[in-house]
Amino acid sequence: MSQPTIESILHEGRVFNPPAAFSQQAYIKSLEEYQQLFDRAKANPTKFWEDLATKELHWFEKWHTVLDWQPPFAKWFDGGKINISYNCLDRHLTTWRKNKAALIWEGEPGDSRTLTYAQLHREVCQFANVLKHLGVQKGDVVGIYMPMIPEAAIAMLACARIGAAHTVVFGGFSAEALRDRLIDGKATAVITADGGWRKDAIVPLKDQVDKALADGVVPTVKNVLVVERTKQGVHMESGRDHWWHELQKQASADCPAEPMNSEDLLFVLYTSGSTGKPKGVVHTTGGYNLYTHMTTKWVFDIQDTDVYWCTADVGWITGHSYIVYGPLSNGATTLMYEGAPRASNPGCFWDVIEKYGVTVFYTAPTAIRAFIKMGEEHPNARDLSSLRLLGTVGEPINPEAWMWYHRVIGGERCPIVDTWWQTETGGHMITSLPGAVPTKPGSATFPFPGILADVVDLDGNSVGTNEGGYLVVRHPWPGMMRTVFGDDDRFRRTYWEHIAPVDGQYLYFAGDGARRDEDGYFWIMGRVDDVINVSGHRLGTMEIESALVSHPAVAEAAVVGKPDELKGEEIVAFVTLEGTAAPNDDLVKALKQHVVGEIGALARPAEIRFSDALPKTRSGKIMRRLLRNLASGQEVSGDTSTLEDRSVLDKLREGS
Ligand code: PRX
């Protein structure tokens, strides 16, 4: 198994039509219907989104302008007043959904909880009051560093309810990484837990928060709220730290949702790019609410009878958009699972599906590949007949993994939606609609209605059929990021100037390569920048390099991705050492641990290779392309004439 290559994709001739029974009950029932929607949206995007915003969401006050586009800055539904927590909760309480399960939660050790819409609303209102009493105000940023427990969703919705923005930091990030994000976001409070369960062990989240806040380096943080989850005993700083359950039980359940401007900040989510520190991707309220609502509705074909499960962590955009906001805005039942697939319990995902009768299941190719390796006897031993739709996200899915998913998990009856999107896009961009679009294993198929995606060359011209190029979007959409937190200039440079604007036409450049086949299907070819995708997690090579060079033994470091069967890519670091340091196994271990401490376990290099020098151009730029070749054991290909010192390459080759 490997990442898709041009050859494997070109030879992929299998086409799977949506099952007739699925199409009959789906929102979008045929390719013609999809095409009509797409054409209507393309002809008049603002009217398309305006009609949906009117029909699908509750607004306290209507907008005065649907789209205000001052490239590259967009405002959607400006002047409109809305609250996403109201749309996710309150509006369902006046319907029969009041007592429907909103959130089903399964803990890793086997404990579980179900919250109806009425119960979830009550918890959110109480916690919103807790935040208010601690002085958290509209416009504040609140850090959330939590395990996968209901309180994570409650915290997000409570922030949104009072108009505070959240910045969720994945629980696998280190104290250092958390600190950087709290400082950049100027967070005034942090919500965490004593610990969380991860692969049969406790992740000491509160200890990490204490480290992140040590020595007063994040002076903006005044309060820390702690959920009691693992009960292993933690330090509580007097005056700063508070137990969630103690404050929650005293709080009133009366907390009307704050009418927010459509363009008010909803959240900041940090993500890696090819340069500098991770950037804070800014999402605002109204457009994001509409976009996640519509994509959830049409891509997952969400019905009231569905039990929908997305296996992502709420620390990533997938968790934001497709565990919390999109499903709840639709009044769906969303399932949250604390555990991860692990050797000690290779059937855990299938047990959850059987136990709750999951109907729609959304996971990542890396997880599918891990399950293939664990053996199909595990899913085969469970009743998965409740499933009706499968989805994937996070990286290109190789056709073999797609076929296994289709056959073993989907019983050959479930359509698969392969959804291409990004933290920046807010929601699905290129994906099939399951009742309408025939699928080809490994292709994300077509753009969502209203998304004008294209594959272009550096001048912004569309490339020909089956020619590779840069994946771009030609028109703003409601779920798009608005800016980089505190850095408009970086936003412009990173996403809008790679393909130079021609005649005032700005193209959003996603950082991915793609091609379209003769049927117009999009095939995503992976990142074309210095971003690597390890198990669906996005990491900037420069971030890992900075972590390495902050170790006293390291003079210089260059990091590249190497294809890996399970993870998609693995991290390989080429390192040159300071004068006296000795290149031995202990140092390899120490450097790997150092990166874990600086960023988190997800960034641990698989390999560290020592070298006297790195291959550079005459202007001093490290030639990563050559290092990528070396890391994956390939012949060094392409032009090497710009290399300053050819002997470096020979030495590296000998050493590999
Ligand atoms: O390279 C693409 C890959 O993941 C990147 C976005 O990463 P992130 O912002 O962390 O969001 C992940 C979840 C949306 C993209 O630039 N990617 C995501 N989905 C797919 C994908 N590559 C191919 N096919 C996909 N379905």
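A brief look at the structure comes next.

Cut-off values and rules
- Residues numbered from 1 in each chain as written.
- Predicted model: local features only at pLDDT ≥ 70, side-chain atom pairs only at ≥ 80, totals over all residues.
- Heavy atoms only, no water.
- Salt bridge = Lys/Arg side-chain N within 4 Å of Asp/Glu carboxyl O.
- Helix = DSSP H or I, 4+ residues; strand = E, 2+ residues; numbered from the N terminus.
- Buried < 20%, exposed > 50% of the residue type's maximum accessible area, 1.4 Å probe, protein only.
- Near = heavy atom within 4 Å.
- Polar contact = N/O pair within 3.5 Å; in protein donor to acceptor, adjacent residues only side chain to side chain.
- Areas by Shrake-Rupley, 256 points an atom, 1.4 Å probe, with all protein chains shown as cover.
- Nonpolar A, V, L, I, M, F, W, Y, C, P; charged D, E, K, R; others polar.
- Axes fitted to C-alpha atoms, helices over the stretch in contact; angles between N-to-C directions.
- Parallel < 35°, antiparallel > 145°, perpendicular 65-115°, else oblique.
- Left-handed = near helix turned anticlockwise from the far one by under 90°.
- Contact = heavy atoms within 4.5 Å.
- Core = buried A, V, L, I, M, F, W, Y, C linked by side-chain atoms within 4.5 Å.
- 1 Å grid on protein atoms, 1.4 Å probe; cavity = no way out; pocket = protein on both sides within 12 Å on 5 of 7 lines; lining within 4 Å.
- Points joined across faces, edges and corners; volume = space filled by probe spheres on them.
- Lys, Arg positive; Asp, Glu negative; His and termini not counted.
- Expected span 1.5 Å × (residues − 1).
- Arc of directions from axis to C-beta.

It is worth spelling out the pattern of salt bridges at this point. When their charged atoms lie close together, side chains carrying opposite charge are able to pair. Under the counting rule described, the total for this entry stands at 37 salt bridges. Taking the shortest distance from any N to any O, the salt bridge between Glu-263 and Arg-482 comes out at 3.1 Å. Taken together, the residues Glu-263 in the loop between strand S13 (260-261) and strand S14 (265-271) and Arg-482 in the loop between strand S22 (469-473) and helix H17 (488-496) connect sequence positions 219 residues apart. The exposure class assigned to Arg-482 is buried, which follows from its relative accessible area of 7%. For Asp-454, the salt bridge goes to Arg-474, with nearest N and O atoms at 3.1 Å. Placement of the pair is Asp-454 in strand S21 (residues 453-456) and Arg-474 in the loop between S22 and H17, with a sequence separation of 20 residues. You can call Arg-474 partly exposed: its relative accessible area is 30%. Members of the salt-bridge network, linked through shared partners, are Lys-206, Asp-210, Arg-240 and Asp-241.

What surrounds the ligand is a group of 16 residues, the closest being Asp-418, Thr-419, Thr-423, Asp-512 and Arg-538. One of the side-chain N or O atoms of Arg-527 is found 2.9 Å from an oxygen atom in the ligand. Note that an oxygen atom of the ligand is positioned 2.7 Å from one of the side-chain N or O atoms of Arg-538. When isolated, the ligand has an accessible area of 540 Å², and the protein chains bury 95% of it. Breaking the shell around the ligand down by element, the ones donating at least two residues are strand S20 (416-419) and strand S24 (522-527). The residue makeup of the shell around the ligand, split by class, is five nonpolar, six polar and five charged.

Closest axis-to-axis distance for the helix H5 (residues 84-93)/helix H7 (residues 150-162) pair is 8 Å, and the angle between their directions is 115°. Here H5 lies roughly perpendicular to H7, going by the angle between them. The two elements H5 and H7 cross, and the hand of that crossing is left-handed. Listed contacts from H7 to Ile-84, Ser-85, Tyr-86, Cys-88, Leu-89 and Asp-90 of H5 are Leu-157, Ala-160 and Arg-161. Considered class by class, the residues forming the contact of H5 with H7 number six nonpolar, one polar and two charged.

Core analysis: the biggest nonpolar cluster contains 122 residues, and Trp-49, Phe-127, Ile-191 and Tyr-325 have the highest contact counts within it. Ranked by the residues each element gives to this core, the list is headed by H7, at 10 residues. Trp-49 has contacts with Trp-76, Phe-77, Leu-290, Tyr-291, Met-294, Phe-448, Pro-449, Gly-450 and Pro-478, leaving out every residue within four places of it along the chain. Judged by nonpolar contacts, the second largest core, of 43 residues, contains Tyr-145, Leu-182, Trp-243 and Ala-573.

Omega for the peptide link from Pro-71 to Pro-72 comes to 0°, which places this bond in the cis form. Its location among the elements puts Pro-72 in the loop between strand S1 (65-70) and strand S2 (73-78). Backbone geometry places Asp-215, a non-glycine residue, at a positive phi of 60°. By the element assignment, Asp-215 lies in the loop between helix H9 (205-213) and strand S11 (223-227). The exposed category is assigned to Asp-215, whose relative accessible area is 75%. Positioned with a positive phi, Asn-466 is a non-glycine residue whose angle comes to about 65°. Tracing the chain through its elements places Asn-466 in the loop between S21 and S22. You can call Asn-466 partly exposed: its relative accessible area is 27%.

Attention now goes to the layout of surface pockets. Quantified by volume, the second largest pocket comes out at close to 410 Å³. In this structure, the second largest pocket is lined by 22 residues; those nearest its centre are Ser-274, Thr-275, Thr-494, His-498 and Asp-529.

Mapped onto the secondary structure, Arg-91 falls in helix H5. Despite being buried, Arg-91 has no salt bridge partner; Glu-56 is the closest side chain of opposite charge, sitting 6.2 Å away. Leaving out residues up to four positions away in the same chain, Arg-91 has contacts with Glu-56, Leu-57, His-58, Tyr-86, His-293 and Ser-329.

Moving on to helix H3 (residues 31-43). Taking 1.5 Å of rise per residue, the 13 residues of H3 would be expected to cover 18 Å, and the 18 Å separating its terminal C-alpha atoms lies within 8% of that figure. For H3, every residue scored as buried is listed here: Tyr-34, Leu-37, Phe-38 and Ala-41. For H3, the angular spread of the buried residues around the axis is 100°, confining them to a single face. Along H3, the residues that are exposed and aim more than 90 degrees away from the buried face are Glu-32, Gln-36 and Ala-43. Packed against the buried residues of H3 are helix H4 (45-56) and helix H11 (285-299).

Applying the stated criterion to the full structure yields three cavities of 30 Å³ or more. When grouped by side-chain class, the residues that make up the lining of the largest cavity number six nonpolar, three polar and no charged. Approximately 40 Å³ is the volume attributed to the second largest cavity. The wall of the second largest cavity is formed by Val-168, Val-169, Phe-170, Phe-173, Arg-181, Leu-269, Tyr-270 and Gly-315. Classifying every residue of the lining of the second largest cavity gives six nonpolar, one polar and one charged.

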